[in-house]
Amino acid sequence: MDDLRNTYLGQIAAAKDEATLEDIRLAALGKKGEISLKMRELGKMSPEERQIFGPKLNALKDEVIAALAAKKAALADSALDARLAEGWLDVTKPARPRRMGSIHPISQVTEEVTAIFADMGFGVAEGPRVETDWYNFDALNIPGHHPARAEMDTFYMHRAAGDDRPPHVLRTHTSPVQIRSMLDQGAPLRVICPGGVYRADYDQTHTPMFHQVEGLAVDKDISMAQLKWVLEEFVKAFFEVDDVELRFRASHFPFTEPSAEVDIRCSWDGGQLKVGEGDDWLEILGSGMVHPKVLQAGGIDPTQYQGFAFGMGIDRIAMLKYGIPDLRAFFDSDLRWLRHYGFAALDMPSLHAGLSR
Ligand code: DAH
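Residues numbered from 1 in each chain as written. Predicted model: local features only at pLDDT ≥ 70, side-chain atom pairs only at ≥ 80, totals over all residues. Heavy atoms only, no water.

**Digging into the packing of aromatic side chains**
The tally for this structure, following the rule as stated, stands at 11 aromatic pairs. Judged by centre distance (5.8 Å) and plane angle (20 degrees), the ring pair of phenylalanine 253 and phenylalanine 255 falls under stacked. Seen in terms of ring centroids, phenylalanine 330 and phenylalanine 331 are 6.0 Å apart; in terms of plane orientation they differ by 45 degrees. Their pairing is tilted. You can call phenylalanine 330 buried: its relative accessible area is 3%. Here the guanidinium or amino end of arginine 180 rests over the ring plane of tyrosine 135, the centre of that ring lying 3.9 Å away. (Phe/Tyr/Trp six-rings, centres within 6.5 Å; stacked < 30°, edge-to-face > 60°. Buried < 20%, exposed > 50% of the residue type's maximum accessible area, 1.4 Å probe, protein only. Lys NZ or Arg CZ within 6 Å of the ring centre and 35° of its normal.)

**Examining the layout of surface pockets**
Within this model, the second largest pocket holds a volume of roughly 200 Å³. Taken together, 15 residues make up the lining of the second largest pocket; nearest its centre are Arg190, Ala217, Asp219, Ile222 and Phe308. Across the lining of the second largest pocket, the residue classes break down as 10 nonpolar, one polar and four charged. (1 Å grid on protein atoms, 1.4 Å probe; cavity = no way out; pocket = protein on both sides within 12 Å on 5 of 7 lines; lining within 4 Å. Points joined across faces, edges and corners; volume = space filled by probe spheres on them. Nonpolar A, V, L, I, M, F, W, Y, C, P; charged D, E, K, R; others polar.)

**What about the packing of helix 1 (residues 2–14) against helix 2 (residues 18–29)?**
In the contact formed by helix 1 and helix 2, the axes pass within 9 Å of each other and the chain directions differ by 165 degrees. With respect to helix 2, the element helix 1 is oriented roughly antiparallel. Along this stretch, helix 1 crosses helix 2, giving a crossing that reads as left-handed. Taking contact as the criterion, the partners of Tyr8, Gln11 and Ile12 in helix 1 are, on helix 2, Leu21, Ile24, Ala27 and Ala28. (Axes fitted to C-alpha atoms, helices over the stretch in contact; angles between N-to-C directions. Helix = DSSP H or I, 4+ residues; strand = E, 2+ residues; numbered from the N terminus. Parallel < 35°, antiparallel > 145°, perpendicular 65-115°, else oblique. Left-handed = near helix turned anticlockwise from the far one by under 90°. Contact = heavy atoms within 4.5 Å.)

**Considering the site of the ligand**
Close contacts around the ligand come from 15 residues, with His173, Ser175, Arg199, Gln212 and Glu214 the closest. Note that a nitrogen atom of the ligand is positioned 3.0 Å from one of the side-chain N or O atoms of histidine 173. The contact in question runs from an oxygen atom of the ligand to an N or O atom on the side chain of glutamine 178, over 3.1 Å. Of all elements in the fold, only strand 5 (209–219), strand 9 (280–290) and strand 10 (306–313) reach the threshold of two or more residues within the shell around the ligand. Considering only residue class, the shell around the ligand consists of four nonpolar, nine polar and two charged. (Near = heavy atom within 4 Å. Polar contact = N/O pair within 3.5 Å; in protein donor to acceptor, adjacent residues only side chain to side chain.)

Written out as structure tokens, the structure reads:
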């Protein structure tokens, strides 16, 4: 009995891993284990012998089981100690934030534009996407027979048979928000109006729904000079360049007089757009002095007040700034595209922290 005890306790103490412990357990306590066989021999003993050997064998069995369990726990402890010693965690390191979705380039650029114009004292105004044709056309000096109505590829809302009220349209531009802002707020007034607009058109640079931002400033003594300064400040801040040259090209819009389309100096060297240098010009917006009839439609006296206005494609300036080649991808909801061109959810653009970090 003492030999058995010494053998097994000695082996258990020397065991280096759990597999060895399991071998020892089988050799001692398995079906054909040495201690198990001895237990079976108890049956053949005389009652007197059994009284002596029974308790001793049971005690030995318990002792071996306890030694195995203790050694198993000790091995686990030292395995943990070893793992802790070699692979420790530096809890002073910064967390690695997991990205929870991203901000769409259109939302990002809308925020950037808003931050820049807010800095110049412009508030944000919004209007409905389903407009009456009065706000979308008539009030903007585009009467029913005007070719601009036909040119705009307008989506008209369905009217029931016999309902001959003038139709609602999906607004074709953000300009109707000029009228709504003037009627709501009166003069003086400084607003930008960002939002979705609709035209029946579809190719690499046109989608049936896209985004514009309208600008409107109404006050006494407003002139083209202020329009020019505001747009220059905007373009420098938006494209994050120190200097940029703008070209005002005479143009025509029914709602402004005079009207100008504005180009920025740029280069396309190596297929890469650089704003502010080079020999190319890129059209980015339409603008002008608000037509007296439009001020009147907005309830403002054109003999007292003047205004400047401009309208710009948000999707277009987003494509230019962030090098996005195909407009249609904006609206495909392709996760790979969104992850590539999207912006971190918590980085709000601001003038002091940087617009597009
Ligand atoms: N509404 C015009 C368009 O959708 C853009 C525009 C041009 C807006 C001149 C203006 C402006 O406010 O003054 O094409």
